[in-house]
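What follows is each chain in one-letter form.
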Amino acid sequence: MWPRCLEYFYSSQKRQHRGQGHREAIQQGTLLAARTQGLGDGLFEMSVQVGSSLVTVRGNIIDGVINIATAFIP
Amino acid sequence: MSDLTRLEQAVMEKLLDGDNPLLQDLRKQFEEIESVERKFTGAGFFTKFRLAPNVRPLSKKSLTFGDVAATIPGLKNGAGFLLFVRGGVLDQLEGYTYGEFWPTDVPDFGLGYIVKGQVKRERDTEALDKAFA
C-alpha cells in the first residue's frame, strides 16, 4: 500500500498555527514514515522529526490516501 | 460552563476524567473558565478558554494531549480532539476531522477513547500517565 496523496491543514488558521515550512516538512515526514511502516487503512498516530522538534501527527488512511488531521508537539 | 457547546462540554469532561493528579488539577481549572472564543476552520474548530485570574497554574507549563474521539452523524470518519495547556493553564480545545468538513450542527454524538488506533470505551491510562510524566 502506497499513499497516493496527502491532504493537510485545510484552514488558514491551521496554516498560521504551523507555518508553511513546517507543513511541508510534516507532510514529507509522514509520507516517508507511512511508506517505511507500511501503514494500512485506518487511524494512525506517528512522530515526525521537524527540525529540532518531534511532532505528533494524527490522521486517517482511507483507500490508501493519507489524510493528515492534525499535528502537535506534545 | 454555559458558553461551551454540548459537544465541547462532553469532550472536556471525558478528556479530564481520571485519577492522574494532573487531570484533577485541570478539572479544577475547568471549573474556572469564565468565557470562550470559538473559531471554525472548516475542518474543525478551536475553542479558546479565558480562565479566572486566580487559577493556579500547573507546574508543567506546556502540554498537549487528546485521546478522545467522536462519532458524529455526517462525519464518515468521525472527529478527534486536542487539549492545549499553555503557561500551566487550560488554553484551548481543538476539534478536527479526518479530511471532512465540520458539520454546521452537531445535535447528536458519541464519544470514546482512541487506544492504539481503535476507538474504545476504556482509556489507556498507562499511556496517558506516561505522556504526563
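These numbers come from a predicted model, not from an experiment. (Residues numbered from 1 in each chain as written. Chains lettered and ligands numbered in written order. Predicted model: local features only at pLDDT ≥ 70, side-chain atom pairs only at ≥ 80, totals over all residues.)

**So, the overall build of chain B**
A count of helices and strands for chain B gives three helices and eight strands. N-terminal to C-terminal, the α/β element order of chain B is α-α-β-β-β-β-β-β-β-β-α. A globule of 133 residues ought to have a C-alpha radius of gyration of about 14 Å, and chain B, at 14 Å, matches this closely. Structurally, chain B occupies a C-alpha span of about 40 × 30 × 20 Å along its principal axes. Put simply, chain B has 133 residues, and 32% of those count as buried. Look at the contacts in chain B between residues 6 or more apart in sequence, and 59% of them connect residues 24 or more apart. (Helix = DSSP H or I, 4+ residues; strand = E, 2+ residues; numbered from the N terminus. Rg over C-alpha atoms; globule rule 2.2 N^0.38 Å. Buried ≥ 20, exposed ≤ 12 C-beta atoms within 10 Å, placed from the backbone. Contact = placed C-beta atoms within 7 Å.)

**What to know about the interface of chain A and chain B**
Facing the 18 residues of chain A at the interface are 18 residues of chain B. Elements with a minimum of two residues in the side of chain A that touches chain B: helix 1 (12–18), strand 2 (42–50), strand 3 (53–62) and strand 4 (65–72) of chain A. Among the residues forming the side of chain A that touches chain B, the class breakdown is eight nonpolar, seven polar and three charged. (Nonpolar A, V, L, I, M, F, W, Y, C, P; charged D, E, K, R; others polar.)

**Description of the confidence of the model for chain A**
All names here are of chain A. Per-residue pLDDT for chain A has a mean of 75; in total, 72% of the residues score no lower than 70. The element-level mean pLDDT for chain A is lowest in strand 1 (residues 6–8), coming to 42, with strand 3 highest at 90. Between residues 1–19, whose pLDDT stays under 50, and residues either more than four places distant or in other chains, the model counts 42 contacts. (pLDDT = per-residue confidence, 0-100.)

**So, the pairing of strand 2 (residues 44–51) of chain B**
All names here are of chain B. Summarising the sheet, strand 1 (residues 33–40) and strand 2 pair through seven bridges and their orientation is antiparallel. Looking across to strand 2, one finds that Phe40 is bridged to Phe45. Between the antiparallel neighbours strand 1 and strand 2 lie three residues, among them Gly42 with a positive phi of about 100°. Looking at chain direction, strand 2 and strand 6 (residues 89–97) are connected through five bridges and run antiparallel. From the neighbouring strand, Lys48 faces strand 6, where its bridge partner is Gln92. (Pairing = 2+ DSSP bridges.)

**Examining the environment of B:Leu23**
Following the sequence through the fold, B:Leu23 ends up in helix 2 (residues 21–30). Discounting residues that sit within four places of it in the chain, B:Leu23 has contacts with B:Leu16 and B:Gly18.

**Observations concerning the nonpolar core**
Residues and elements named next belong to chain B. Of all hydrophobic cores here, the largest spans 40 residues; its most connected members are Val11, Leu15, Val68, Phe81 and Leu83. The leading source of residues in this core is strand 5 (residues 79–86), at five residues. Other than its neighbours up to four places away in sequence, Val68 contacts Val11, Lys14, Leu15, Phe81, Leu111 and Tyr113. (Core = buried A, V, L, I, M, F, W, Y, C linked by C-beta atoms within 7 Å.)

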